[in-house]
Amino acid sequence: MIRALLIVAALCSGCSPAGEEQGPGPEPPREASSPPSADGSKKQPPTRGDANSITYDAIPDESVLYVVVRRDPEALGSSLSHDHVVHASGWRGTIIHSPDRPELCSVELEIEVAGLVADDPTLRERAELPDGPSSRDRREIEANLRAEGQLDAARHPAIRFASRSVARGGDGLVVRGELSIRGRTREIEVPVEVSVSGDVLMASGRFEATHSDFGFEPYSAMLGALRNDQALEFAFEVRAKAR
């Protein structure tokens with residue numbers, strides 16, 4: 001059985017009138033870190049794979065990782081705002097795939113917060129969203145999502161995922177692992193469809209989380225009249241090539 005996965009991440013944004021200041025966010029949590037081992041070095045994630053395992057490197061230019069952030073329908077100014085899609089443009093990922101033993105598979109992913117792109121027209125169409133913000137508003141949205149009250153890129157420049165287990169599930173695989181955003185780590189479980197053709201592996205899937213899972217509130221402006229919803233809808237389609 002084939003296997004592997006990649007996960008997404010990226011996050012939230014909001015569109016506000018020019019000059020609108022975002023309210024202060026909650027106190028940011030400390031960056032997650034691995035405990036030191038007895039000799040003082042940091043512990044590394046467990047290494048998986050066997051003699052039949054194949055290591056794949058993700059091909060970012062032929063893949064897509066994105067998250068849909070919807071407007072809060074209960075907000076007073078909901079009709080004036082947009083749903084958003086944010087995709088990763090700077091990221092890398094490694095997959096170890098063991099065809100006959102999925103429990104030996106593993107995935108690691110790192111996304112640069114500085115490389116997140118908001119509301120690209122092609123991605124909006126892919127996510128089945130209507131026409132979105134102007135180019136000027138998109139730049140403002142990207143600045144908002146990197147700000148201290150949101151992803152806080154200055155303190156937390158990367159989003160990371162590391163698998164902890166992989167098993168067969170339904171017609172594909174179930175990947176369980178740790179997703180770290182803004183210094184907060186959450187365990188997630190993702191059903192993944194995987195196929196292999198020659199030296200190319202394809203993996204796709206979807207999962208949901210919330211802003212509060214990672215210790216911050218949805219973007220809001222105008223005293224809450226414009227506000228994003230709590231839900232985060234992640235999706236990925238990854239193409240990876242064997243080393």
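What counts, and at which threshold
- Residues numbered from 1 in each chain as written.
- Predicted model: local features only at pLDDT ≥ 70, side-chain atom pairs only at ≥ 80, totals over all residues.
- Heavy atoms only, no water.
- Helix = DSSP H or I, 4+ residues; strand = E, 2+ residues; numbered from the N terminus.
- Buried < 20%, exposed > 50% of the residue type's maximum accessible area, 1.4 Å probe, protein only.
- Contact = heavy atoms within 4.5 Å.
- Salt bridge = Lys/Arg side-chain N within 4 Å of Asp/Glu carboxyl O.
- Core = buried A, V, L, I, M, F, W, Y, C linked by side-chain atoms within 4.5 Å.
- Phe/Tyr/Trp six-rings, centres within 6.5 Å; stacked < 30°, edge-to-face > 60°.
- Pairing = 2+ DSSP bridges.
- Polar contact = N/O pair within 3.5 Å; in protein donor to acceptor, adjacent residues only side chain to side chain.

(A) The overall build of the protein, seen in detail. In terms of regular secondary structure, the protein is built from 2 helices and 12 strands. Reading the secondary structure of the protein in the N-to-C direction produces β-β-β-β-β-β-α-α-β-β-β-β-β-β. Here the protein, with 243 residues, has 48% of them falling under the buried criterion. The long-range share in the protein, meaning contacts at least 24 apart out of those at least 6 apart in sequence, stands at 71%.

(B) Broad picture of the pattern of salt bridges. Throughout the structure, instances matching the rule amount to 16 salt bridges. For Glu 103, the salt bridge goes to Arg 101, with nearest N and O atoms at 3.0 Å. Classification of Arg 101 as partly exposed rests on a relative accessible area of 41%. For the salt bridge of Glu 189 with Arg 176, the shortest nitrogen-to-oxygen distance reads 2.8 Å. Remark: Arg 176 occurs in strand S8 (residues 172-181) and Glu 189 occurs in strand S9 (residues 184-197); sequence separation between them is 13 residues. On the accessibility criterion, Glu 189 (48% relative accessible area) is partly exposed. It is possible to trace a salt-bridge network through shared partners that takes in Arg 70, Arg 71, Asp 83 and Glu 233.

(C) Structural context of the nonpolar core. With 42 residues, the main nonpolar core has Leu 65, Trp 91, Ile 111, Leu 116 and Leu 179 as its most contacted residues. Per-element accounting of this core gives the leading share, 5 residues, to strand S12 (residues 226-242). Val 68, Ala 127, Leu 129 and Ala 235 belong to the second largest nonpolar core, which has 8 residues in total.

(D) Geometry of the packing of aromatic side chains. Under the criterion given, the structure shown has 1 aromatic pair. Both rings, one in Phe 207 and one in Phe 234, keep their centres 4.7 Å apart while their planes meet at 5°; by these two values the pair is stacked. Residue Phe 207 is located in strand S10 (residues 200-210), and its partner Phe 234 is located in strand S12; the two are separated by 27 residues in the primary sequence. For Phe 234, a relative accessible area of 1% corresponds to the buried category.

(E) Representation of unusual backbone geometry. The backbone of Glu 128 shows a phi angle near 60°, a positive value even though the residue is not glycine. Structurally, Glu 128 is set in the loop between helix H1 (121-126) and helix H2 (135-146). Notably, Met 222 is not glycine yet its phi reads approximately 55°, a positive angle. As for its placement among the helices and strands, Met 222 is situated in the loop between strand S11 (220-221) and S12. We classify Met 222 as partly exposed; its relative accessible area is 39%.

(F) The arrangement of the pairing of S12 in detail. As paired strands, strand S1 (residues 54-58) and S12 are joined by 3 bridges and run antiparallel to one another. Residue pairing in the sheet places Asp 57 in a bridge with Lys 241 of S12. Sheet topology note: the strand S2 (residues 64-71)/S12 ladder contains 7 bridges and is antiparallel. From the neighbouring strand, Leu 65 faces S12, where its bridge partner is Phe 236. Relative to S12, S10 is paired through 11 bridges, and the arrangement is antiparallel. Across the sheet, Gly 205 pairs through a bridge with Phe 236, a residue of S12. Pairing geometry for S11 and S12, over 2 bridges, is antiparallel.

(G) Looking closely at the environment of Arg 92. Within the secondary structure, Arg 92 is located in strand S4 (residues 91-97). As for Arg 92 and Leu 109, which are separated by 17 residues in sequence, their C-alpha atoms are 5.9 Å apart. Ignoring anything within four residues of it in the chain, the contact list for Arg 92 reads Glu 108, Leu 109, Glu 110 and Glu 112. At 2.5 Å, the side chain of Arg 92 forms a polar contact with the side chain of Glu 110.

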